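A closer look at the structure
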Amino acid sequence: MDERKGRRGDVQELTDFELIVYETVAEIDKDGGAADFDAIGRLVGGPEEDLWAALGHLVSINHLRSTSRGYVLGSHDWAP
């Protein structure tokens, strides 16, 4: 069994681009929204393949979740 499954990855392991993507989703999510790919792309910029890679990595380490409405923050253990 993968011992990392369900655990959040360390934020210090993220690239600068991944941090920008994460912060963009967090800004949209804080008001109860979900960030779709097009919105993230407009706000962040960069090559589409880099954006897909960043989102995939952020989801795989539980920083983000993909929903039918778009991307939202993954579960966290800090107070709002």
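Parameters and conventions
- Residue positions are given per chain, counting from 1 as you read along its sequence in written order.
- Restriction of local features to residues with pLDDT of at least 70 applies here, the model being predicted, together with a cutoff of 80 or more for giving and counting side-chain atom pairs; totals for whole chains, interfaces and linings are based on all residues.
- As a rule here, side-chain values come from all non-hydrogen atoms in the structure, and water together with hydrogens is ignored.
- Numbering goes from the N terminus for both helices and strands, where a helix is a DSSP run of H or I of at least four residues and a strand is a run of E of at least two.
- The length a helix should cover is 1.5 Å for every residue beyond the first.
- Buried means the residue's accessible area, taken with a 1.4 Å probe over protein chains only, is under 20% of the maximum for its type, while exposed means over 50%, and partly exposed covers the values in between.
- Whether two residues touch is decided by their heavy atoms; if any such pair falls within 4.5 Å, the residues are in contact.
- Charged residues are defined narrowly, with Lys and Arg counted positive, Asp and Glu counted negative, and His plus the chain ends left uncounted.
- Note on definitions: salt bridges are taken to be side-chain nitrogens of Lys or Arg within 4 Å of carboxyl oxygens of Asp or Glu.
- Side-chain atoms alone can form a polar contact between residues adjacent in sequence; in general such a contact is a pair of N or O atoms within 3.5 Å, and within protein one must be able to donate a hydrogen while the other accepts it.
- The score called pLDDT rates the predictor's confidence residue by residue, from a low of 0 to a high of 100.
- Ring geometry is summarised as follows: Phe, Tyr and Trp rings, the Trp one being its six-membered ring, pair when their centres sit within 6.5 Å, and such pairs are stacked at plane angles under 30 degrees, edge-to-face over 60 and tilted between the two.

**A closer look at helix H1 (residues 16-29)**
Counted at 1.5 Å a residue, the expected span for H1 with its 14 residues is 20 Å, and the 20 Å between its end C-alpha atoms agrees. Among all positions in H1, only Glu-18, Val-21, Tyr-22, Thr-24, Val-25, Ala-26 and Asp-29 are buried. Lining the buried residues of H1 we find helix H2 (37-44), helix H3 (48-60), strand E1 (64-66) and strand E2 (71-73).

**Quick notes on the side chain of Asp-29**
Inspection of the secondary structure assignment puts Asp-29 in helix H1. Buried and without a salt bridge, Asp-29 has Arg-69 as its closest oppositely charged side chain, separated by 5.9 Å. Separated by 3.0 Å, the side chain of Asp-29 and the backbone nitrogen of Leu-73 make a polar contact. Residues in contact with Asp-29, not counting those within four places in the same chain, are Val-72 and Leu-73.

**Brief notes about the confidence of the model for the chain**
For the chain, per-residue confidence averages 85 on the pLDDT scale, and residues scoring 70 or more make up 79% of the total. Between residues 1-6, whose pLDDT stays under 50, and residues either more than four places distant or in other chains, the model counts five contacts.

**Let's talk about the pattern of salt bridges**
According to the stated counting rule, one finds one salt bridge in the structure shown. As a salt-bridge pair, Glu-27 and Lys-30 come within 3.0 Å of each other at their nearest N and O atoms.

**With respect to the packing of aromatic side chains**
A complete count under the given rule lists one aromatic pair for this structure. Centre to centre, the rings of Phe-37 and Trp-52 are 3.9 Å apart; their planes meet at 10°, and the pair counts as stacked. Of this pair, Phe-37 sits in helix H2 while Trp-52 sits in helix H3, and the two are 15 residues apart along the sequence. Owing to a relative accessible area of 16%, Phe-37 belongs among the buried residues under this scheme. Residue classification places Trp-52 among the partly exposed residues on the basis of a relative accessible area of 43%.

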